[in-house]
2 protein chains.
Amino acid sequence: MSTSFDYASANLSRSVNELFEILRIPSISASPEHSVDVRAAAEATAAALRKIGMEHIHLAESKGGHPLVRGDWLGAGDGAPTLILYGHYDVQPPDPIEEWLSPPFEPEVREGRIYARGASDDKGQFFAILKGLEAVIGAQGRLPVNVKWTIEGEEETGGSSLERYLADNRDELRADAVFVADGHFPKPGVPAVLTGLRGMLYVEIEVRGPSADVHSGLYGGVAPNPLNAIAWIIAGLKDTNGRVTVPGFYDRVVDPSQTELESWNQLDLDEGQMLREEIGSRAFFGESEYGTLHRIYARPTLDVHGIRGGFISTGPKTVIPAVATAKVSMRLVPDQDPLEIREAFKNRVAELVTPGVEVSVRELGVDPPISVGVDGRAVQAAARAFMRAFGRQPVFVRTGGGNPVLGAFQQYLGVELIVSGFGLPDDHLHSANEKLDVAQFEGGIKTTAALLEELAD
Amino acid sequence: MSTSFDYASANLSRSVNELFEILRIPSISASPEHSVDVRAAAEATAAALRKIGMEHIHLAESKGGHPLVRGDWLGAGDGAPTLILYGHYDVQPPDPIEEWLSPPFEPEVREGRIYARGASDDKGQFFAILKGLEAVIGAQGRLPVNVKWTIEGEEETGGSSLERYLADNRDELRADAVFVADGHFPKPGVPAVLTGLRGMLYVEIEVRGPSADVHSGLYGGVAPNPLNAIAWIIAGLKDTNGRVTVPGFYDRVVDPSQTELESWNQLDLDEGQMLREEIGSRAFFGESEYGTLHRIYARPTLDVHGIRGGFISTGPKTVIPAVATAKVSMRLVPDQDPLEIREAFKNRVAELVTPGVEVSVRELGVDPPISVGVDGRAVQAAARAFMRAFGRQPVFVRTGGGNPVLGAFQQYLGVELIVSGFGLPDDHLHSANEKLDVAQFEGGIKTTAALLEELAD
């Protein structure tokens, strides 16, 4: 009997050709003129699921949004684990269109790479999962675990239909874990599995001084100036070593595990390259007692994103403005509690208020931090699966930014997260000449097959 | 022989009627559609000067601006003092037009008040000076001092033709003092003479961090944030007691004289009223060890007038911006040197720069502070003149804001400044129902007559 890996290798070129059919559909979710194409991609995805033997396939419509492709295979029985498989069939616009070497919706393989919009983000990746299931079925006649598919069409537009669907269909989607493959290896040859991601508390501070703008010639020295006042507040929220001065801010911060810290060292981050090419400043700024990746992955921080107030056109004008506002976010890490931080933040701001101004703090958004950890059953199964498919243990990384869908999976379904991906850093997501290496596609198929087998053990 | 005061009283109603002729001309310098009216007002002013016996009358044209009305009377001879008389024949737009009880350019007297746009600012005031000269000539057949008129038409638009004229015609305008009557009594019955005014240094601070905007999810904690950096800079320029922390900032500050401090106490400033009705904040802010008027008149300060940077539209966005700017002015007092302060400011900013950002300071404007003092011959003559005309010594006030024309008179001509006015605080300048009390108009005529006589003694 052949293995799922044999099946995957033997059927690779057919799999690539079948992926091409989906890549040819310009399912640009941001363009209303492509709404027919977006639906066509949903239907093609559903058809592909049907072809490998999935059941209960249907498009879950959302008012004003794009349909969610659903489908299950529950033949492993109640005693077996259940895995949700996530992906998205929508793509970014192909801009800048003139820089593509081959048309974005006419996929082709050059030098072992599949070039097309969506090749890596995310059609090629969810299709690798699909082909992974096909490989297991091909080798064993069945799957060793139950699966439930959720392939959405609003990922590139930040739509929230999937989050609502998860909230509304908890019983239908009861599962043990979710497998999200929408990312990339941190460097060639090194897979990665996410062990946490920062959350966020986003607020707007408003400072009011005079009831209307006044003239600094007439009242400078006696009128409270909201711009000076907001500067004192912002300056007092974080010290110049990058440490947030909100009392209790760091109390619940959980240090990364030794496994994670060792993983991050394996990434051999080129800090000079990051500074020069990604940030473009002459030095880093932040808590210097922690490493760069530690700070991005696992330290909370506070940044001002915009300040508005007073006269900002050309030339001099001597107004003391009535009002100034600042948008401020705090990136939060496990186990910080956003609501606890919000109250502590408000109290700290109140301490920093200077005479004559009135200050209010308004919450604009909150995303709790997500902790996955390295010890979960599904994460460990994924680690073994990557080892089998790529011959290398994944590194355990985190990410600095929020993702509402991951939070929703955790919040509404209580499932363990396996967040990973088969792309490479040079896949040119959201840019011209997006690609997915055929070898990564094949490895993704095998990783998925191995994951199903490992989860069942 | 009758006195100039007798002449002024006897001819008052004719003087009001002649003023009406000039008030009827809608010489709104800000409106291009009123340029014919502005010129008509200049010509009417010249004609009025001619009528009282002035000589060398002409309109000094300025490219792109409104003409300066010139005219002299030099019959007092080389041994007598020479006084420049300043005024402006242009007016503000009459907005809000619907709130006027009588049409703004159809002057009328109601309850002892002349209502019209320009009644107090400044047609009624320079016309009082003109009638003061007429009164002296009427009583004595000649003036005891030489006079040189400069009545401009760009005061309400901030034009600089007069400044250039002063710079270019120093010999022609050689004089001992200038009399500027474009202000008002601090309260009814209490005249005031200006003894100083604050200057200004206006700069823009630019802070650059990342070479382009970056995402705080990816780089929060390691990328320098120009908005946080500019807040630390601003917060570090002034402490929360309102004291500027630029080293040496206060070194050359001259305390007001005892005469001035006593004058300010006489003003019985209603601080509650200023706070509630003029500023509209719930408390003052500033150096609490100094009185309110002391702070406005004679203390330097620092205010931020605008901050620009990052995302300022509605909602949350997590950008770390590439650049942030702040407009900052320092009000300066005698004997602070703007250029010395500028260098000290730049050095202080450099101390406040945090890692990873680059900061530059650009000068947008500079006006030196002006010191008049209470002891000058002309100011003392003006004090006696007000005593004779209004029966009350003037208080010696300062003003918190700059005025480039006053600086130009001092800088180019080296003359002593007599800066005062005959209006009252409720004259509704720049607003509806502008007025000048007939009694103030008459007092202005007599003050001017007395000033000429006192200057000659």
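Here the structure is a predicted model, which is why all the values come from computation and not from measurement.

Parameters and conventions
Residues numbered from 1 in each chain as written. Chains lettered and ligands numbered in written order. Predicted model: local features only at pLDDT ≥ 70, side-chain atom pairs only at ≥ 80, totals over all residues. Helix = DSSP H or I, 4+ residues; strand = E, 2+ residues; numbered from the N terminus. Rg over C-alpha atoms; globule rule 2.2 N^0.38 Å. Contact = placed C-beta atoms within 7 Å. Axes fitted to C-alpha atoms, helices over the stretch in contact; angles between N-to-C directions. Parallel < 35°, antiparallel > 145°, perpendicular 65-115°, else oblique. Left-handed = near helix turned anticlockwise from the far one by under 90°. Nonpolar A, V, L, I, M, F, W, Y, C, P; charged D, E, K, R; others polar. Least-squares fit on C-alpha atoms with pLDDT ≥ 70 in both. Buried ≥ 20, exposed ≤ 12 C-beta atoms within 10 Å, placed from the backbone. Pairing = 2+ DSSP bridges. Domains from an automatic or database assignment.

Along chain A, the regular secondary structure elements total 14 helices and 18 strands. Here the C-alpha radius of gyration of chain A, 25 Å, is about what a compact globule of 457 residues would show, namely 23 Å. The principal-axis extent of the C-alpha atoms belonging to chain A is close to 90 × 50 × 45 Å. Excluding contacts between residues fewer than 6 apart, the proportion of contacts in chain A whose partners are at least 24 apart in sequence is 79%.

To continue, consider the packing of helix H4 (residues 123-140) of chain B against helix H14 (residues 438-456) of chain B. Residue and element names in this part refer to chain B. At a minimum axis distance of 7 Å, the contact between H4 and H14 shows a crossing angle of 50 degrees. The orientation of H4 relative to H14 falls into the category oblique. In this structure, H4 crosses over H14, and the sense of that crossing is right-handed. Across the interface between the two elements, Gly124, Gln125, Ala128, Ile129, Lys131, Gly132, Leu133, Ala135 and Val136 from H4 touch Phe441, Gly444, Ile445, Lys446, Thr447, Thr448, Ala449 and Leu452 from H14. For the contact of H4 with H14, the residue count by class is nine nonpolar, six polar and two charged.

Placing chain B over chain A gives an RMSD of 0.2 Å and needs a rotation angle of 179 degrees, together with 0.2 Å of translation along the axis. The superposition of one copy onto the other is thereby described by a two-fold rotation axis. Relative to the rotation axis, the closest C-alpha in chain B is found at B:Ala231, a distance of 2.2 Å. When the interface residues of chain B are mapped onto chain A, 100% of them are again interface residues, pointing to one common binding face.

The next point concerns the pairing of strand S17 (residues 416-420) of chain A. Of all five residues that make up S17(A), five are buried, and the element is covered over most of its length. On S17(A), burial covers both faces: A:Glu416, A:Ile418 and A:Ser420 on one face and A:Leu417 and A:Val419 on the other are all buried.

On to the sheet that holds strand S4 (residues 108-110) of chain A. Residues and elements named next belong to chain A. Reading across from one edge, S4-S5-S18 is the order of the three strands in this open sheet, with antiparallel pairing throughout. Of all the strands in the sheet, the pair left with one neighbour each is S4 and strand S18 (435-437). Neighbour-to-neighbour, the strand axes of this sheet turn through a mean angle of 30 degrees, independent of strand direction. Sheet topology places S4 next to strand S5 (residues 113-115); three bridges connect them, and they run antiparallel. Across the sheet, residue Val109 finds its bridge partner in S5, namely Ile114. Strand contacts of helix H14 (residues 438-456): S4, S5 and S18, with the helix running at about 65 degrees to S18, the strand carrying the most contacts.

Quoted interface sizes are often the accessible area lost when the parts come together. Listed per partner, the contact involves 66 residues of chain B and 66 residues of chain A. Secondary structure elements with two or more residues in the side of chain B that touches chain A: strand S10 (214-215), helix H6 (216-219), helix H7 (226-235), helix H10 (292-298), strand S11 (301-310), strand S12 (319-320), strand S13 (323-332) and strand S14 (358-367) of chain B. When residues in the side of chain B that touches chain A are grouped by element, the largest group, nine residues, is from S11(B). Residue classes in the side of chain B that touches chain A are distributed as 28 nonpolar, 28 polar and ten charged. In this structure, strand S11 (residues 301-310) of chain A lies alongside S11(B), joined through five bridges in antiparallel fashion. The residue of S11(B) that forms the bridge with A:Gly309 is B:Ile307.

Residue and element names in this part refer to chain A. Domains assigned within chain A are domain 1 (4-196 + 370-456) and domain 2 (199-253 + 300-367). Here the C-alpha centroids of domain 1 and domain 2 sit 41 Å apart. Across the boundary between the two partners, domain 1 contributes seven residues, which contact five residues of domain 2. Looking at the side of domain 1 that touches domain 2, the elements with two or more residues in it are strand S15 (370-371) and helix H13 (404-413). Grouping the constituent residues of the side of domain 1 that touches domain 2 by class yields two nonpolar, five polar and no charged.

With that settled, the discussion passes to helix H7 (residues 226-235) of chain A. Of all ten residues making up H7(A), ten are buried, and the element is well covered by its neighbours. Burial in H7(A) covers these residues: A:Pro226, A:Leu227, A:Asn228, A:Ala229, A:Ile230, A:Ala231, A:Trp232, A:Ile233, A:Ile234 and A:Ala235. Packing partners of the buried residues in H7(A) comprise strand S9 (199-208), S11, strand S13 (323-332) and helix H11 (338-351) of chain A together with H7 and S11 of chain B.

Here the focus is the sheet that holds strand S9 (residues 199-208) of chain B. Ordered in space as S14(A)-S9(A)-S13(A)-S11(A)-S11(B)-S13(B)-S9(B)-S14(B), the eight strands form an open sheet in which the pairing is antiparallel. Of all strands in the sheet, those with a lone pairing partner are strand S14 (358-367) of chain A together with S14 of chain B, marking the two edges. Going across the sheet, the axis of each strand differs from the next one's by a mean of 25 degrees, ignoring polarity.

With that out of the way, let us pick up the pairing of S13(B). Residues and elements named next belong to chain B. For S13, the buried fraction is high: nine of the ten residues fall into the buried class. Sheet topology note: the S11/S13 ladder contains seven bridges and is antiparallel. Directly across from Leu302, in S13, lies its bridge partner Met330.

The next point concerns the environment of A:Val207. Residues and elements named next belong to chain A. Among the structural elements, Val207 can be located in strand S9. Put simply, Val207 and Glu134 are 73 residues apart on the chain and 60 Å apart in space, counted from C-alpha to C-alpha. Here Val207 is in contact with Pro226, Ala229, Ile230, Val323, Ala324, Val357 and Val359, once residues within four sequence places are set aside.

To continue, consider the environment of A:Pro191. Along the chain, the position of A:Pro191 falls in the loop between strand S7 (177-181) and strand S8 (192-197). Apart from the residues lying within four places of it in its own chain, the contact partners of A:Pro191 are A:Phe185, A:Phe386, A:Phe390, A:Arg392, A:Pro394 and A:Ser420.

This part takes up the environment of B:Glu156. All names here are of chain B. With respect to the helices and strands, Glu156 occurs in the loop between strand S6 (146-152) and helix H5 (161-168). Residue classification places Glu156 among the buried residues on the basis of 20 C-beta atoms within 10 Å. As for Glu156 and Thr292, which are separated by 136 residues in sequence, their C-alpha atoms are 28 Å apart. Aside from chain neighbours lying at most four places away, what touches Glu156 is Ser29, Ala30, Asp90, Val91 and Gln92.

Moving on, we get to unusual backbone geometry. Of the consecutive residues A:Pro334 and A:Asp335, the connecting peptide bond is found in the cis state with omega at 0 degrees. In the Ramachandran plot, B:Asp268 falls in the positive-phi region, its phi being about 45 degrees despite a non-glycine side chain. Residue position: B:Asp268 is located in the loop between helix H8 (258-266) and helix H9 (271-279). B:Asp268 gets classed as exposed once you count the C-beta atoms within 10 Å, which come to 9. Positive phi outside glycine occurs at B:His430, with the angle close to 60 degrees. Here B:His430 is to be found in the loop between strand S17 (416-420) and strand S18 (435-437).

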